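Working through the structure, step by step
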Amino acid sequence: MNTVSYNDLEKLVISYSTFDIPKLRRAYEYAKKYHQEQKRASGEPYIIHPLNVAYILASMHADIDTLCAALLHDVVEDTESTLDDVEKRFNKTVRDLVDGVTKMTKLDLNNKKELSAINLRRLIVSLADDPRIIIIKLVDRLHNMRTLEYKSLEKQQEKALETLEIYVPLAYYIGASKIKDELENIAFKYLKPSLYGDIKKQRDDLKKETKEILEETEKMVQSIFKKNGIKAKFEIRYKDNYSIYKKLLTNNKFETIHDMLSIKVLVKNIRDCYLALMLIHENFTPINNRFKDYIAKPKTNMYRSIHTTVFGADNHLLQFQIRTFDMERVAIFGLTSYWFKYKNNAKNYMKKDLDFR
Ligand code: MN
């Protein structure tokens, strides 16, 4: 298991902020002290868990109160520490964040039988008057899913199912697609291990078979862009295992999934997005009905991008996803990226979006 140290966290935080580092260190020392008797199912000291949760949040450029709350998120639930003490040593915001996460944790322990998944999600959202509570809780679940191998078979099934029913939709609603994708792929692996294995093998084979073609295509497009004055960053992508599984359920065959292979094109502004699209259509034949302009018409979770599927080299279907670097941040972290950047404006937006109309 890859794990991080407190120094790794501190280094990462310094790289994107001028936060009060002594405060961060105090939160770490406090959590370490209170959790010192506890061990993870893996046998590691418990502090590894809050530390990793804080580290993942730091990679999303979370603010200092969120990071402190992440380090402290299990102390009130699992140890002698109290909310009043957390508030005294840190502040009211950290207290409220820890309180919210603790309430959510209690929910998924006790109320599961009486509540449908949708009601539970609604309840979670109503508890979270600060959207950061949801983000911390999602990352908490993500780290627990990454380390699920140490739990009993029964616990694995239970957690995997709960993740698919409750946390994946929550992650989708706030547009945290990177977290959503990882959560659903881990859950899938535990819930349907043999199907997961089959799909993974087919996907790995396809990767081997198409690697060269895609790299050549990337070079070719890059040189066309250069001639036309577009600076772009490329990334070759393969549809992930769980998304393939879902496509196969709706009568698709592995070979006909139109976005199995894609090239992500990141450019600096919207004008370059449309210019890039024009150049791609000039050089590759697009297929019908597979053009989506989410820049002109963003998804409800604020995702923006242009998608088009074309006949690539060797007649492989190839999807291009064209967006700006800013749109990419939102595509990965969703509204959370707005939250950490613009604070209160995002809070209003998130509340609206989380309203489960
Ligand atoms: Mn936790």
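Reading guide: rules and limits
Residues numbered from 1 in each chain as written. Predicted model: local features only at pLDDT ≥ 70, side-chain atom pairs only at ≥ 80, totals over all residues. Heavy atoms only, no water. pLDDT = per-residue confidence, 0-100. Contact = heavy atoms within 4.5 Å. Helix = DSSP H or I, 4+ residues; strand = E, 2+ residues; numbered from the N terminus. Buried < 20%, exposed > 50% of the residue type's maximum accessible area, 1.4 Å probe, protein only. Donors = N, O, S within 2.8 Å, 3.2 Å for Na, K, Ca; no water. Pairing = 2+ DSSP bridges. Axes fitted to C-alpha atoms, helices over the stretch in contact; angles between N-to-C directions. Parallel < 35°, antiparallel > 145°, perpendicular 65-115°, else oblique. Nonpolar A, V, L, I, M, F, W, Y, C, P; charged D, E, K, R; others polar.

**Thoughts on the confidence of the model for the protein**
A residue-level look at the protein finds 87% of positions with pLDDT of 70 or above and a mean pLDDT of 88. Taken as a whole, residues 349-357 scores under 50 in pLDDT and shows 22 contacts with residues more than four places along the chain or in a different chain.

**Points about the side chain of Lys180**
In this fold, Lys180 is placed in helix H11 (residues 177-191). Residue classification places Lys180 among the buried positions, given a relative accessible area of 15%. Ignoring sequence-local partners within four residues, the contact set of Lys180 consists of Val168, Ala171 and Tyr172.

**Description of the coordination of the manganese ion**
Around the manganese ion, the donor atoms from the protein are His49 (NE2), His73 (NE2), Asp74 (OD) and Asp140 (OD), and they sit 2.2 to 2.3 Å away. The sequence pattern describing where the donors of the manganese ion fall on their chain is H-x23-H-D-x65-D. With respect to class, His73 is no different from Asp74; both count as buried.

**Quick notes on the pairing of strand E4 (residues 306-311)**
Counting buried positions over the six residues of E4 gives five, a clear majority of the element. Looking at chain direction, E4 and strand E5 (residues 317-324) are connected through six bridges and run antiparallel. Each bridged residue has a counterpart across the sheet, and for His307 the counterpart in E5 is Gln321. The antiparallel pairing of E4 with E5 creates a hairpin that spans five residues between the two strands, and Asp314 there sits at a positive phi of about 60°.

**Remarks on the packing of helix H12 (residues 193-227) against helix H13 (residues 241-249)**
Interhelical geometry of H12 versus H13 gives an angle of 105° and a closest axis separation of 10 Å. Accordingly, the angle class assigned to the pair H12 and H13 is roughly perpendicular. Contacts from Leu195, Tyr196, Ile199, Lys200 and Arg203 in H12 reach Asn241, Ile244, Tyr245 and Leu248 in H13. Its residues placed into classes, the contact of H12 with H13 shows six nonpolar, one polar and two charged.

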